[in-house]
Amino acid sequence: MWTEEAGATAEAQESGIGNKSSSSSQIPVVGVVTEDDEAQGVFKAMDLNRVIKLLEETDKVGLEEKQLKFVKKLVQCYQNGLPLRDLAQIFKILNLCSGKIKNQPRFIESAYDIIKLCGLPFLKKKVSDEITYAEDTANSIALLGDLMKIPSSELRIQICKCIVDFYHAEPPKKHIPGYQQASSSYKIQMAEVGGLAKTMVQSMTLLENQLVEKLWVLKVLQHLSTSEVNCTIMMKAQAASGICTHLNDPDPSGQLLFRSSEILWNLLEKSSKEEVIQQLSNLECLLALKEVFKNLFMRGFSHYDRQLRNDILVITTIIAQNPEAPMIECGFTKDLILFATFNEVKSQNLLVKGLKLSNSYEDFELKKLLFNVIVILCKDLPTVQLLIDGKVILALFTYVKKPEKQKIIDWSAAQHEELQLHAIATLSSVAPLLIEEYMSCQGNARVLAFLEWCESEDPFFSHGNSFHGTGGRGNKFAQMRYSLRLLRAMVYLEDETVNKDLCEKGTIQQMIGIFKNMISKPNEKEEAIVLEIQSDILLILSGLCENHIQRKEIFGTEGVDIVLHVMKTDPRKLQSGLGYNVLLFSTLDSIWCCILGCYPSEDYFLEKEGIFLLLDLLALNQKKFCNLILGIMVEFCDNPKTAAHVNAWQGKKDQTAASLLIKLWRKEEKELGVKRDKNGKIIDTKKPLFTSFQEEQKIIPLPANCPSIAVMDVSENIRAKIYAILGKLDFENLPGLSAEDFVTLCIIHRYLDFKIQATHKQRELANKSWEDFLARTSNAKALKKAKRLQEKAIEASRYHKRPQNAIFHQTDIKGLNTTVPSGGVVTVESTPARLVGGPLVDTDIALKKLPIRGGALQRVKAVKIVDAPKKSIPT
């Protein structure tokens, strides 16, 4: 049996290194294990530094044999695991072996055996070893990726197997006293720290034609990509584009496509999605995806193939969200539109000839994904022509009809319902872009007929299982909801052809009828869906009636009744979160668009106490409604019957309308930071309406088509509207006002005077500017002072840090006595040459040399005089 000292001495003699007496405390302890000791699981001493020194030696007879022998002995020592404290030295030995492979091929086996050991558990003697040796471990694992450069298939595969084993950790074969297995995730964490993922991605370029090795590397990357850290590293190493371009490489096993698609999925989910999309948005990647998808669509019949096909389509859909992706250029958009519509619209294209979709789950999901990708693609306007050529509108409208047995595909009832809803939702995005196609397909008539069926009593047992079917189980609410969304999208295009066609087909009456029917049959279970439907109906009516008196007359008293019904809703429901707020906004919008301007409807609204209801809503003090309600009140006040209704209203505690309006004024001024004393009087008489926001705001240049801040102030805050309403009431004989109210009323009464005040200030500034100009022309001192101030301002505006090697061009004109800014081109009339001595004479010099003769400046020497014409001089 070996002792530690004897074993070390024997090894040293055998290697020819020489005898050195050393204690075990000075030698890294790993193990040469005898049969007896193996049973006890005890490591024996082995000097790893001497092995390293031996491998570093060259040019000795028989040295290679000794080196191989010692490496083999090393491998035998670590059959149960690798201690963390020895890892750095073991990997240095591995690195030395790999460096010898080119000239000494026998070292491939040695490197192979050491790499195989890396799949064994890492062992720690102390709990702190994982932290103490973290850097060594990370660097050692990173070396595995670098070794992929060695052109050995066996070595590369073994490296990949070793890394995959990180994710399938097994306990040590034998328990070793004094050692514990490192945590199961330790190797994975160190691989992240060491950046192993980057070198593995880079190794893909070395394996262009080696399918087996490529599949193993993809398997490694598949495991590595389960980590966000690794995905970020892989993304930076351009893994997405590198993998995607090889999707279509030949692979009988099918593993390449499966593993590649999963890696792409992980990269999209766990790293920067935008960056990955950018990497994939090139012609080469999209062509590869296109060919893969076409092959799977046309020739994939297994459950696995169909799943993979759908995965590829989802990845494509994500890429299509990038407007810079060349989807049209690579022909992918055209193919996707064809695949989405070939079942509904007959096509002679060879790609779909003889193709049929089954009612399997995968084909059903494919159909929905194709509808979804059309919505994404239509956001790119050049796609519109392809949508027209593919007859997308016609294909989608095949679903907008009451259910019947399908002739093309025998979808189940639940599947057909979901596809129907998805098709109508898709039409809401596509139809507004293809108005002519929508009208040629009789789109309005189809939708209105479908809505008529939705309202009918025909038995229909919907499933309501899908996203689009929410709230539609056992009823037709989902179908009605999406049909109304489609109509709303078309109405809000403000295309007169579409809206006129809708009105001629009785849409206004039909919408009012649907609304009244829903009122008569309340459904508390699906209240949120019902409220959404009612809101959309009112918005459609508003879009149709706005600026059309005849349509407002059709809206009539029946329309006013449904508006009044909504306005009588319990105010407490506005806080329920079910959608009453949206419904109320839609209702107020319909008052503005469908009632105001039509005197019979206005009178009926007043007769049914509509103004009282508006003031009740205003008294709720809901800021989001105030502006809109006050705007409606201003318009209603043009009707002479309105004033009596306003003055007759009483709120809680006998509050009057005038008191309510004045209270809202004070609240608005408080929120805007207008300065008032405790009695409500004006503090700053020079700026009586100025807000704290206006004081803090700097001058911001705005384009000509943008409203000024002053205009926005009038339109956004409610003071102008309150002034207008009280003005219609003549500011007199207003009941129920307190002393403070009268003070505020005086300020409101002078609102316009305080706003003209700004105009007076502008006039004063203009007058002062003119006076300054006159002073400069008549007073030399004032002119010189103005000139100095102008030069100082010009100098202050200049950029003083000049770029290196820049040439400075002097822009000042010496001797120029003007303080008026000049434009790009100035037309001047030259002073006669006889007075100044010619057009090229310098002003300063001329003034010094020219004597005064007869009251005018003349040159001493006679010159030929030519009268100078008028000139246009660029400045």
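Conventions and cut-offs
- Residues numbered from 1 in each chain as written.
- Predicted model: local features only at pLDDT ≥ 70, side-chain atom pairs only at ≥ 80, totals over all residues.
- Heavy atoms only, no water.
- Helix = DSSP H or I, 4+ residues; strand = E, 2+ residues; numbered from the N terminus.
- Buried < 20%, exposed > 50% of the residue type's maximum accessible area, 1.4 Å probe, protein only.
- Contact = heavy atoms within 4.5 Å.
- Areas by Shrake-Rupley, 256 points an atom, 1.4 Å probe, with all protein chains shown as cover.
- Salt bridge = Lys/Arg side-chain N within 4 Å of Asp/Glu carboxyl O.
- Pairing = 2+ DSSP bridges.
- Polar contact = N/O pair within 3.5 Å; in protein donor to acceptor, adjacent residues only side chain to side chain.
- Phe/Tyr/Trp six-rings, centres within 6.5 Å; stacked < 30°, edge-to-face > 60°.
- Lys NZ or Arg CZ within 6 Å of the ring centre and 35° of its normal.
- Expected span 1.5 Å × (residues − 1).
- Patch = residues over 30% accessible without salt bridge, like charges linked within 9 Å, V, L, I, M, F, W, Y side chains within 5 Å.
- Lys, Arg positive; Asp, Glu negative; His and termini not counted.
- Charge placed at Lys NZ, Arg CZ, Asp CG, Glu CD.
- pLDDT = per-residue confidence, 0-100.
- Core = buried A, V, L, I, M, F, W, Y, C linked by side-chain atoms within 4.5 Å.
- Axes fitted to C-alpha atoms, helices over the stretch in contact; angles between N-to-C directions.
- Parallel < 35°, antiparallel > 145°, perpendicular 65-115°, else oblique.
- Left-handed = near helix turned anticlockwise from the far one by under 90°.
- Nonpolar A, V, L, I, M, F, W, Y, C, P; charged D, E, K, R; others polar.

Section: the overall build of the protein chain
Next up, step 1: Scanning the protein chain from N- to C-terminus turns up 44 helices and seven strands.
Next up, step 2: In the protein chain, which comprises 875 residues, the share counted as buried stands at 45%.
Next up, step 3: In the protein chain, of all internal contacts separated by at least 6 residues, the share reaching a separation of at least 24 is 75%.
Next up, step 4: Per element, the accessible surface of the protein chain, about 46900 Å² overall, is 53% carbon and sulfur.

As for the pattern of salt bridges
Next up, step 1: With the rule as written, the count across this model stands at 25 salt bridges.
Next up, step 2: A salt bridge links D363 to R309, with the nearest nitrogen and oxygen atoms 2.9 Å apart. With D363 in helix α20 (residues 361-377) and R309 in helix α18 (residues 303-320), this pair connects stretches of sequence that are 54 residues apart.
Next up, step 3: Classification of D363 by relative accessible area gives buried; the value is 2%.
Next up, step 4: Residue classification places R309 among the buried positions, given a relative accessible area of 2%.
Next up, step 5: Here K505 makes a salt bridge to D501, at a shortest N to O gap of 2.6 Å.

What about the sheet that holds strand β3 (residues 180-181)?
Next up, step 1: The three strands lie next to each other as β1-β2-β3, forming an open sheet whose pairing is mixed. Two strands in the sheet have a free side with no partner beyond their single neighbour: β1 (82-83) and β3.
Next up, step 2: Direction of pairing for β1 relative to strand β2 (residues 122-124): parallel, over a ladder of two bridges. Bridge assignment links L82 to a residue of β2, and that residue is F122.

Side note on the side chain of T587
Next up, step 1: Tracing the backbone through its elements, the reader meets T587 in helix α31 (residues 580-595).
Next up, step 2: Residue classification places T587 among the buried positions, given a relative accessible area of 0%.
Next up, step 3: At 2.7 Å, the side chain of T587 and the backbone oxygen of L583 are in polar contact.
Next up, step 4: Those residues in contact with T587 that lie beyond four places of it in its chain are L538, V563, V566 and M567.

Here's the deal with the packing of aromatic side chains
Next up, step 1: Counting across every chain of the model gives 14 aromatic pairs.
Next up, step 2: One aromatic cluster is present, built from ring pairs that chain together F293, F297, F332, F339 and F342.
Next up, step 3: When the ring centre of F107 is taken as reference, the NZ or CZ atom of K100 above it lies at 5.8 Å.
Next up, step 4: Seen from the ring of Y482, R485 lies directly overhead, with NZ or CZ sitting 4.9 Å from the centre.

Concerning α31
Next up, step 1: Compared with an ideal rise of 1.5 Å per residue, which puts 16 residues at 22 Å, α31 spans 21 Å between its outermost C-alpha atoms and is within 8% of the ideal.
Next up, step 2: Three or more residues of α31 are buried, namely Y580, L583, L584, S586, T587, L588, S590, I591, C593, C594 and I595.
Next up, step 3: Downstream of α31 by one or two residues, G597 has phi in the positive range, about 95°.

Things to note about a positive patch on the surface
Next up, step 1: Positive charge collects at one region of the surface, where K781, K784, K785 and R788 lie side by side.
Next up, step 2: Here K781 is to be found in helix α42 (residues 780-797).

Remarks on the side chain of E668
Next up, step 1: Considering the arrangement of structural elements, one finds E668 in helix α36 (residues 657-672).
Next up, step 2: Here E668 is in contact with K623, N717, I718 and R719, once residues within four sequence places are set aside.

Considerations on the confidence of the model for the protein chain
Next up, step 1: Per-chain confidence: the protein chain averages 83 in pLDDT, with 81% of residues scoring 70 or above.
Next up, step 2: The low-confidence segment residues 1-42 (pLDDT under 50) makes 64 contacts with residues lying over four places distant or belonging to another chain.

Notes on the nonpolar core
Inside soluble globular proteins, nonpolar side chains tend to come together where they are buried.
Next up, step 1: Grouped together as the largest cluster of nonpolar side chains are 233 residues, with contacts concentrated most on L614 and L726.
Next up, step 2: Here this core gets 10 residues from one element, more than from any other, and that element is helix α29 (residues 527-545).
Next up, step 3: Those residues within four positions of L614 in sequence are excluded, and the remaining contacts are M567, L588, I591, F605, I629, I632, M633 and F636.

Considerations on the packing of helix α25 (residues 443-455) against helix α26 (residues 477-491)
Next up, step 1: The geometry of α25 relative to α26 is characterised by a closest axis approach of 10 Å and an angle of 155° between their N-to-C directions. Considered as vectors, α25 and α26 are oriented roughly antiparallel to each other. Seen from above, α25 lies across α26 with left-handed handedness. Taking contact as the criterion, the partners of N444, V447, L448, F450, L451, W453, C454 and E455 in α25 are, on α26, Q479, M480, S483, L484, L486 and L487.
Next up, step 2: Of the residues contributing to the contact of α25 with α26, the split by class is 10 nonpolar, three polar and one charged.

Focus: a nonpolar patch on the surface
Next up, step 1: A contiguous nonpolar surface patch, about 300 Å² in accessible area, is contributed by W770, F773 and L774.
Next up, step 2: Inspection of the secondary structure puts F773 in helix α41 (residues 751-778).

Notes on unusual backbone geometry
Next up, step 1: Even without being glycine, E494 reaches a positive phi, approximately 60°.
Next up, step 2: Structurally, E494 is set in the loop between α26 and α27 (496-504).
Next up, step 3: Residue classification places E494 among the exposed residues on the basis of a relative accessible area of 63%.
Next up, step 4: Even without a glycine there, the phi angle at D730 is positive, about 70°.

A look at α36
Because each turn of an α-helix spans 3.6 residues, side chains separated by three or four positions in sequence point in the same direction.
Next up, step 1: Along its 16 residues, α36 runs 23 Å from first to last C-alpha, staying within 8% of the 22 Å computed at 1.5 Å per residue.
Next up, step 2: Count one or two residues on from α36 and you reach G673, which has phi positive near 80°.

As for the environment of S227
Next up, step 1: Within the element layout of this structure, S227 appears in the loop between α12 (211-224) and α13 (228-236).
Next up, step 2: Along the sequence, S227 and S271 sit 44 residues apart, while their C-alpha atoms lie 9.3 Å from each other.
Next up, step 3: Discounting residues that sit within four places of it in the chain, S227 has contacts with E192 and K270.

Digging into the environment of K102
Next up, step 1: Along the chain, the position of K102 falls in the loop between α5 (87-100) and α6 (107-117).
Next up, step 2: Under the relative-accessibility criterion, K102 is labelled exposed at 77%.
Next up, step 3: Considered as a pair, K102 and P151 are 49 residues apart in the sequence and their alpha carbons are 9.2 Å apart.

Overview of the packing of helix α11 (residues 196-203) against α12
Next up, step 1: Interaxial distance between α11 and α12 falls to 10 Å at its minimum, and their mutual angle equals 150°. Comparing their axes, α12 and α11 come out roughly antiparallel. With respect to the hand of their crossing, α11 and α12 are arranged in left-handed fashion. Two secondary-structure elements touch here, α11 through A197, M200, V201 and S203 and α12 through V217, V220, L221 and L224.
Next up, step 2: Residues belonging to the contact of α11 with α12 are distributed by class as follows: seven nonpolar, one polar and no charged.

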